[in-house]
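# A look at the structure
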Amino acid sequence: MSSMKDRVEGEFRKPVVYGNRAVPLPEKLPNGHTHRWTVYFRSFNDEPLSKFIKKVQFKLHQDYENSTRNVEQEPFEVTETGWGEFHVGMRIYFHDSQERQASCTHYLALRAPEVTREGTVPVIMKENYDELVFINPTRKMYELLTDTNDVKPHDSARWFFDYPKIIAENQQRMANLAKQSDQEVSELTESIKVIASKCAAIREKLKEADLKG
Ligand code: SLL
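For the structure given in this document, a descriptive report is provided here.

How each quantity is defined
For every chain, the first residue of the written sequence is number 1, and numbering continues from 1 along that sequence. Only residues with pLDDT of at least 70 are given local features in this predicted model, and only at 80 or more are side-chain atom pairs given and counted; all residues enter the totals for whole chains, interfaces and linings. Side-chain measures here rest on the full set of heavy atoms in the structure, leaving out hydrogens and waters. Numbering of helices and strands runs from the N terminus; a helix is a DSSP stretch of H or I covering at least four residues, while a strand is a stretch of E covering at least two. A simple rule labels every residue: compare its accessible area, found with a 1.4 Å probe on the protein chains alone, to the largest value its type can have, and call it buried under 20%, exposed over 50%, or partly exposed in between. By the criterion applied in these results, polar contacts are pairs of N or O atoms within 3.5 Å in which, for protein atoms, one can donate a hydrogen and the other can accept it, and in which residues neighboring in sequence qualify only through two side-chain atoms. Should DSSP find at least two bridges between two strands, the strands are taken to pair. Axis lines are fitted to C-alpha atoms, over the contacting stretch for helices. Their N-to-C directions set the angle, which ranges from 0 to 180 degrees. Residues are treated as being in contact if the distance between any of their heavy atoms lies within 4.5 Å. A carboxyl oxygen of Asp or Glu within 4 Å of a side-chain nitrogen of Lys or Arg is what we treat as a salt bridge.

Here we come to the side chain of arginine 42. Secondary-structure assignment places arginine 42 in strand S2 (residues 35-43). By relative accessible area, arginine 42 is classed as buried at 6%. Here the side chain of arginine 42 touches glutamate 127 through a polar contact of 3.4 Å, side chain to side chain.

The next subject is the sheet that holds strand S7 (residues 102-107). Spatially, 4 strands are ordered S4-S3-S6-S7 in an open sheet, and the strand pairing comes out antiparallel. Only two strands of the sheet have a single neighbouring strand rather than two, namely strand S4 (68-71) and S7. Between one strand axis and the next, the sheet turns by 20° as a mean value, whatever way the strands run.

Now for the environment of histidine 35. Mapped onto the secondary structure, histidine 35 falls in strand S2. In sequence terms histidine 35 and glutamate 80 are 45 residues apart; their C-alpha atoms lie 8.4 Å from each other. With near-sequence residues (within four places) excluded, histidine 35 lies in contact with Val23, Pro24, Leu25, Glu80, Thr81, Gly82, Leu110 and Arg111. Polar contacts involving the side chain of histidine 35 include one to the side chain of threonine 34, which spans 2.8 Å. Looking at histidine 35, its side chain comes within polar contact range of the main-chain oxygen of leucine 110, at 3.4 Å.

Right, let's talk about the pattern of salt bridges for a bit. Summed over all chains, the structure comprises 10 salt bridges. The shortest N-O distance in the salt bridge between arginine 21 and glutamate 77 comes to 3.9 Å. Placement of arginine 21 in strand S1 (residues 11-24) and of glutamate 77 in strand S5 (residues 76-82) is noted, with a sequence separation of 56 residues between them. Here arginine 69 ties to glutamate 80 by a salt bridge, and the two come within 3.0 Å at their closest N and O atoms. With arginine 69 in strand S4 and glutamate 80 in strand S5, this residue pair connects regions lying 11 residues apart in the sequence. Each of the two residues, arginine 69 as well as glutamate 80, counts as buried. Connected via shared salt-bridge partners are Lys14, Glu47, Lys51 and Asp147.

By themselves, these figures tell us nothing about what the structure is for.
As structure tokens, then:
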């Protein structure tokens, strides 16, 4: 603990938003996944948080491989596909090791609430407003917290209606999954051929054994 003289007395707040958006996939995947979603932690006013945030750790449902995801760069977000809703834990680590970690939980939304705009696919979006509160921060932290050069007026529409990006990501995701399943099918076909030829060899041996016996 550093002494009070290295610190700036007072309470400093950073407005943040965390939540998720989700879109239904054009078709259900073989693993039952029906949606693509992105869970995120970001600033309310477009300010880069990585000035003072070192990483955001996302805890997904244990169904997911590597269910603990560390994101060390902005945007602090995780994109996945899935079928179900669950609590996503987020832990915020600061560059200043004297600052205690912050945490929050978001219940992932896949089916509602929906936001629509004429001529576009509906997008599910659920988010929470919150504030990171820093009490008597170190001088260095104080300087980062009060540097408002990058702060822009809040514009939620920009986040709500970034449809071209969402649709492009979805198409890319589907193309990757299709490629992946083509690959899996050809691997399985190869394995079936190998097994069939092993079976044939065994049958051959059995026939020989039968003839000898
Ligand atoms: C429910 N309590 O029953 C929730 C669990 C789990 C979601 C939701 C698939 C993950 C995967 C997925 O979306 N799991 O296949 O890796 O609704």
